[in-house]
Amino acid sequence: MQFKVRQSHTFEKLLIKKGFFHLCRAGCTNIAFIKLVNELMPVGLRGLMLAVMLAALMSSLTSIFNSASTIFATDIYTRIRKKAGETEIVIAGTLRGAIS
């Protein structure tokens, strides 16, 4: 079975066909992916999909933490300690990243 990504009504038709019409009254775009994974994927692939989603979440959180520590080290810490050297700024950013 092929899904057309550009046409969202294909997901709605599939959900209606599977008996989820009550979920599609306001639009199926929010639940289409979840229902497709639960109904069409085998159990092993569901676990793999969960692992992929968690890895993407961890990657996003890691970049947020790195950005926060960089902003702290370059913008805030350098204003607090005007004579701080590069090593001290790096240590301050690393500690800030460890705290968050």
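Parameters at a glance
- Residues numbered from 1 in each chain as written.
- Predicted model: local features only at pLDDT ≥ 70, side-chain atom pairs only at ≥ 80, totals over all residues.
- Heavy atoms only, no water.
- Helix = DSSP H or I, 4+ residues; strand = E, 2+ residues; numbered from the N terminus.
- Buried < 20%, exposed > 50% of the residue type's maximum accessible area, 1.4 Å probe, protein only.
- Contact = heavy atoms within 4.5 Å.
- Axes fitted to C-alpha atoms, helices over the stretch in contact; angles between N-to-C directions.
- Nonpolar A, V, L, I, M, F, W, Y, C, P; charged D, E, K, R; others polar.
- Arc of directions from axis to C-beta.
- Patch = residues over 30% accessible without salt bridge, like charges linked within 9 Å, V, L, I, M, F, W, Y side chains within 5 Å.
- Areas by Shrake-Rupley, 256 points an atom, 1.4 Å probe, with all protein chains shown as cover.
- Salt bridge = Lys/Arg side-chain N within 4 Å of Asp/Glu carboxyl O.
- Phe/Tyr/Trp six-rings, centres within 6.5 Å; stacked < 30°, edge-to-face > 60°.

Focus: the environment of Met41
Here's step 1: Here Met41 lies in the loop between helix H2 (32-40) and helix H3 (43-80).
Here's step 2: With relative accessibility at 23%, the residue Met41 sits in the partly exposed group.
Here's step 3: Setting aside anything within four residues of it in sequence, one finds Met41 in contact with Leu36, Arg46 and Met49.

Some thoughts on the side chain of Ser69
Here's step 1: Summarising the element assignment, Ser69 is placed in helix H3.
Here's step 2: In this view, Ser69 contacts Gly93, Arg96 and Gly97; residues no more than four positions away in its chain are not counted.

Structural notes on the packing of H2 against H3
Here's step 1: At a minimum axis separation of 9 Å, H2 and H3 run at an interaxial angle of 145 degrees. Residue-level contacts link Phe33, Val37 and Asn38 of H2 to Arg46, Met49 and Met53 of H3.
Here's step 2: Within the contact of H2 with H3, the residues separate by chemical class into 4 nonpolar, 1 polar and 1 charged.

Comments concerning H2
Here's step 1: Among the residues of H2, Ala32, Leu36 and Val37 are the ones counted as buried. Seen end-on, H2 carries its buried residues on one side only, within an arc spanning 130 degrees.

A short note on a nonpolar patch on the surface
Here's step 1: A cluster of nonpolar side chains, Leu50, Leu54, Leu57, Leu61, Ile64 and Phe65, forms an exposed patch at the surface whose accessible area comes to about 550 Å².
Here's step 2: Among the structural elements, Leu61 can be located in helix H3.
Here's step 3: Residue class for Leu61 comes out partly exposed when judged on its relative accessible area of 37%.

Description of the packing of aromatic side chains
Here's step 1: Taken as a whole and judged by the stated rule, the model has 1 aromatic pair.
Here's step 2: A centroid spacing of 6.2 Å and a plane angle of 45 degrees characterise the contact between Phe72 and Tyr77, whose relative ring orientation is tilted.
Here's step 3: On the basis of relative accessibility, which here comes to 22%, the residue Phe72 falls in the partly exposed class.
Here's step 4: On the accessibility criterion, Tyr77 (15% relative accessible area) is buried.

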